[in-house]
Amino acid sequence: MKKLLTGNEAIARGAYEAGVKYASAYPGTPSTEILENVALYKGDILAEWAPNEKVALEAAIGGSIAGARTLAAMKHVGVNVAADPLFTFAYTGVNGGMVLITADEPGHHSSQNEQDNRNYAKFAKIAMLEPADSQESKDMVKIAFEISEKYDTPVLLRMTTRVCHSKGIVECYDRKEIGIKEYVKDIKKYMTIPAHAGKLRIKVEERLNKLEKFSNETELNFFEWNDTKIGVIASGAAFGYAKEVFGNTASYLKLGFTNPLPSDKIKDFADKVDKIYVIEENDPYIEEYLKILGIECHGKDVFPYTGEMTADVIRKSVFGKTMPSIEYDETKVVGRPPTLCAGCPHRGFFYELGKRKNVMVAGDIGCYTLGFAEPYNSMDFNICMGASISAGHGAQQVFNMKEGSGKRVVSVLGDSTFFHTGINSLLDVVYNGSNTVNVILDNRITGMTGHQENPGSGYTLQGKPTTMVDIEALVKACGVKNIRTIDPNNLKMVKETFDWALDLDEPSVIITRWPCVLKKFSKEDKEEFTGAFTEKCGVDHDKCIGCRKCIKTGCPALSFNKETKKASIDKMHCVGCEVCLQTCPVNAIAKEGK
């Protein structure tokens, strides 16, 4: 049976065919769709969203030790969060096979950095595979589980954005049902006290030697012989890009199993070609290995260190030109920066926060990161998931050291991010008596990655009703005494709540509770937010004085005609949140029905 699948869909299919029993993940582009598609195989695979990537991997590790084939998936920065259990599990090895998917993002299209997670496989001393297309994505998942169990190792499967999201024809097969292995208590294998870890460390090195032998023998690493004047060594999506540029004018060593790298095959290839190009995205991972082997090659001296290694990039790097393209006047292209959606519950909050003076805003990762931009200008920095509260605490402690500073810090993060790692940060604030204002933007869903459920939404990944975590009760349990839950669309309430929090000299938490405008309402949402988004707003042009105060809310449903000097509201976009209505000094904006 053949199907047209993205790489992420193919990963899910591979997990199904490989007999995976349990899968866990935290959503993050470009990996999100992996677990969403695994979840479709109900009855065969239990798929769960975890609060963060560390928890996801730990759950998969526990399932592996208990005897099942398990999988964890995350984007590249998520592996940073999950690194602690990964490095120790590399020592203990598996029972049931365990595969960790890392979805790297050359070009950082939707990430705060661009890192090459191939280094994690080398660092943790585990096996690694790199698919180049959808078919390989599915096939390599199955092979990864075989490697995991044969060599007693977790396996890292490295995807990249283009492989995750591009589509290809995939040959699919039936599921191979793999029974759950018996769990046998083995203290020396799984209890990583120092006395045991030292012996396990030796086994890790012995395993790497066996894996290098496999790397030199496996068909995952193969030659493609053509003209031998040029030889190209590549892995992942870069292999396809390279073939598009060089075609039959070059020979290739395609690497699919990339840790350990196949030294014998690389030497054999180098002996038979005149000039070698190592084409890889991000770090010179393969190139450095060739140089250790004493093989002369061209890599980052020719190709850029950053971004995607597309055909045009390769062509320009090697030949100094790209393929002909349609020329146009670039000055006439209107920039379209990302913006908060019309009706976004974060808009009113940032509109009011941007007016505050002598305030630093510590941001986080999510839709609300857009609060940094015009017209709000209400975010100073962001680091990583959950860092806003802890980094804000550190900044506040320093400001408090400066006599007469009076500068206050407002830390901002979303509900899913709070569950991810914000709870630990809030404990730091409470324990150390910080006077930061901490804001949890509860839009009732994990918004930025496409509306995935989280511990506060009341449903699991596979749609099962579950306990809905009460954020206010959780914050109170952390020791916070000053808590207010507000409607962020009510500007007067937002303003008064800021005044209250900034007047305190001890920790406070503001919870803005209103669903994402794009969310499909749950039964609980419908009960709590009755009447939400039922009427749209309109502008009475006879009353409008052209002050543009409504425009300063940054709502994309609003526009201003420079000739008539009047504001207008696009009914196709407006959802009736009333934020603009509250800013109008002459009551020119009013509700107009559906």
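None of these values were measured; they are calculated from a predicted model. (Residues numbered from 1 in each chain as written. Predicted model: local features only at pLDDT ≥ 70, side-chain atom pairs only at ≥ 80, totals over all residues. Heavy atoms only, no water.)

### Side note on the overall build of the protein chain
Thought 1: Per the secondary structure count, the protein chain includes 20 helices and 23 strands.
Thought 2: Radius of gyration (C-alpha) of the protein chain: 27 Å, near the 25 Å computed for a compact globule of 594 residues.
Thought 3: By principal-axis analysis of the C-alpha atoms, the protein chain measures approximately 80 × 65 × 55 Å.
Thought 4: Scored against the burial criterion, the 594 residues of the protein chain give a buried share of 54%. (Helix = DSSP H or I, 4+ residues; strand = E, 2+ residues; numbered from the N terminus. Rg over C-alpha atoms; globule rule 2.2 N^0.38 Å. Buried < 20%, exposed > 50% of the residue type's maximum accessible area, 1.4 Å probe, protein only.)

### Some points on the packing of aromatic side chains
Thought 1: Under the defined criterion, the tally for this structure stands at 18 aromatic pairs.
Thought 2: Judged by centre distance (6.3 Å) and plane angle (75°), the rings of Phe-87 and Tyr-120 are edge-to-face. Placement of Phe-87 in helix H4 (residues 76-92) and of Tyr-120 in helix H5 (residues 118-124) is noted, with a sequence separation of 33 residues between them.
Thought 3: Tyr-120 gets classed as buried once you look at its relative accessible area, which sits at 16%.
Thought 4: Taken together, the ring pairs in this structure connect Phe-246, Tyr-277, Phe-303 and Phe-319 into an aromatic cluster. (Phe/Tyr/Trp six-rings, centres within 6.5 Å; stacked < 30°, edge-to-face > 60°.)

### Regarding the environment of His-76
Thought 1: Note that His-76 resides in helix H4.
Thought 2: Setting aside residues up to four positions removed in sequence, His-76 forms contacts with Thr-102, Ala-103, Asp-104, Glu-105, Ser-111, Asn-113, Glu-114, Gln-115 and Asn-117. (Contact = heavy atoms within 4.5 Å.)

### Observations regarding the environment of Val-155
Thought 1: With respect to the secondary-structure elements, Val-155 resides in strand E7 (residues 155-160).
Thought 2: By relative accessible area, Val-155 is classed as buried at 0%.
Thought 3: Considering only alpha carbons, one finds Val-155 and Lys-125, 30 residues apart in sequence, at a separation of 9.8 Å.

### Details of the sheet that holds strand E2 (residues 22-25)
Thought 1: Taken together, 7 strands build an open sheet; the order of strands is E3-E2-E4-E5-E7-E6-E12 and the sheet is mixed. Looking at the sheet topology across the chains shown, the edges are occupied by strand E3 (46-49) and strand E12 (257-259). With strand direction ignored, the average angle separating the axes of adjacent strands in the sheet is 25°.
Thought 2: Bridging between E2 and E3 involves 4 bridges; their strand directions are parallel. Each residue of the ladder has a partner; that of Ser-24, found in E3, is Glu-48. (Pairing = 2+ DSSP bridges. Axes fitted to C-alpha atoms, helices over the stretch in contact; angles between N-to-C directions.)

### Let's talk about the side chain of Arg-158
Thought 1: Examined against the element boundaries, Arg-158 turns out to sit in strand E7.
Thought 2: One polar contact links Arg-158 to Asp-116, side chain to side chain, over a distance of 3.4 Å. (Polar contact = N/O pair within 3.5 Å; in protein donor to acceptor, adjacent residues only side chain to side chain.)

### Examining the nonpolar core
Thought 1: One finds Leu-35, Leu-71, Ile-101, Ile-147, Val-232, Phe-246 and Ile-279 to be the most contacted residues of the largest nonpolar core, which totals 56 residues.
Thought 2: At 7 residues, the largest contribution of residues to this core is made by helix H10 (residues 237-246).
Thought 3: Setting aside residues up to four positions removed in sequence, Ile-279 forms contacts with Val-232, Ile-233, Ala-234, Ser-235, Ala-238, Ala-242, Phe-246, Phe-303, Met-309 and Ile-314.
Thought 4: Formed by 37 residues, the second largest nonpolar core is a distinct cluster that contains Val-437, Ile-483, Val-509 and Ile-510. (Core = buried A, V, L, I, M, F, W, Y, C linked by side-chain atoms within 4.5 Å.)

### Points about helix H9 (residues 194-217)
Thought 1: The end-to-end C-alpha distance of H9, which contains 24 residues, comes to 35 Å, matching closely the 34 Å that a straight helix rising 1.5 Å per residue would cover.
Thought 2: For H9, the full list of buried residues reads His-196, Ala-197, Leu-200, Val-204, Arg-207, Leu-208, Leu-211, Phe-214, Ser-215 and Asn-216. (Expected span 1.5 Å × (residues − 1).)

### Things to note about the pairing of strand E17 (residues 437-442)
Thought 1: E17 sits mainly inside the fold: 6 of its 6 residues count as buried.
Thought 2: Taken together, the 5 bridges between strand E16 (residues 408-414) and E17 define a ladder with parallel strand orientation. In the sheet register, Val-412 faces E17, and the bridge partner there is Val-439.
Thought 3: This β-α-β element, E16 to helix H16 (residues 415-431) to E17, shows right-handed connectivity.
Thought 4: Here 6 bridges tie E17 to strand E19 (residues 508-513), and the two strands are oriented parallel to one another. Paired with Val-437 across the bridge in E19 is Ser-508. (Right-handed = clockwise from strand over helix to strand, strands pointing away.)

### Looking at the state of the cysteines
Thought 1: As enumerated under the stated definition, the model contains 0 disulfides in all.
Thought 2: Take Cys-384: it sits in no disulfide, and the sulfur closest to it among the cysteines is that of Cys-367, at 18 Å. (Disulfide = S-S within 2.5 Å.)

### Comments concerning the packing of H9 against helix H11 (residues 263-272)
When two helices pack together, their arrangement is given by the angle between the helix axes and by the axis-to-axis distance.
Thought 1: Two elements in contact, H9 and H11, have axes whose closest approach is 7 Å; the angle formed by their N-to-C orientations is 40°. Classified by the interaxial angle, the pair formed by H9 and H11 is oblique. On the side of H9, the interface is formed by Glu-212, Ser-215, Asn-216 and Glu-217, while H11 contributes Ser-263, Asp-264 and Lys-265.
Thought 2: Of the residues that constitute the contact of H9 with H11, the class distribution is no nonpolar, 3 polar and 4 charged. (Parallel < 35°, antiparallel > 145°, perpendicular 65-115°, else oblique. Nonpolar A, V, L, I, M, F, W, Y, C, P; charged D, E, K, R; others polar.)

### Description of the side chain of Glu-17
Thought 1: In this fold, Glu-17 is placed in helix H1 (residues 7-17).
Thought 2: The buried category is assigned to Glu-17, whose relative accessible area is 1%.

### Structural notes on the sheet that holds strand E9 (residues 221-224)
Thought 1: Pairing within the open sheet is mixed, and its 4 strands lie in the order E9-E11-E10-E13. If you trace the sheet from one side to the other, it starts and ends with E9 and strand E13 (275-279), each paired once. Between one strand axis and the next, the sheet turns by 15° as a mean value, whatever way the strands run.
Thought 2: Bridge analysis of E9 against strand E11 (residues 251-255) gives 4 bridges, and the strand direction is antiparallel. Each residue of the ladder has a partner; that of Phe-222, found in E11, is Lys-254.

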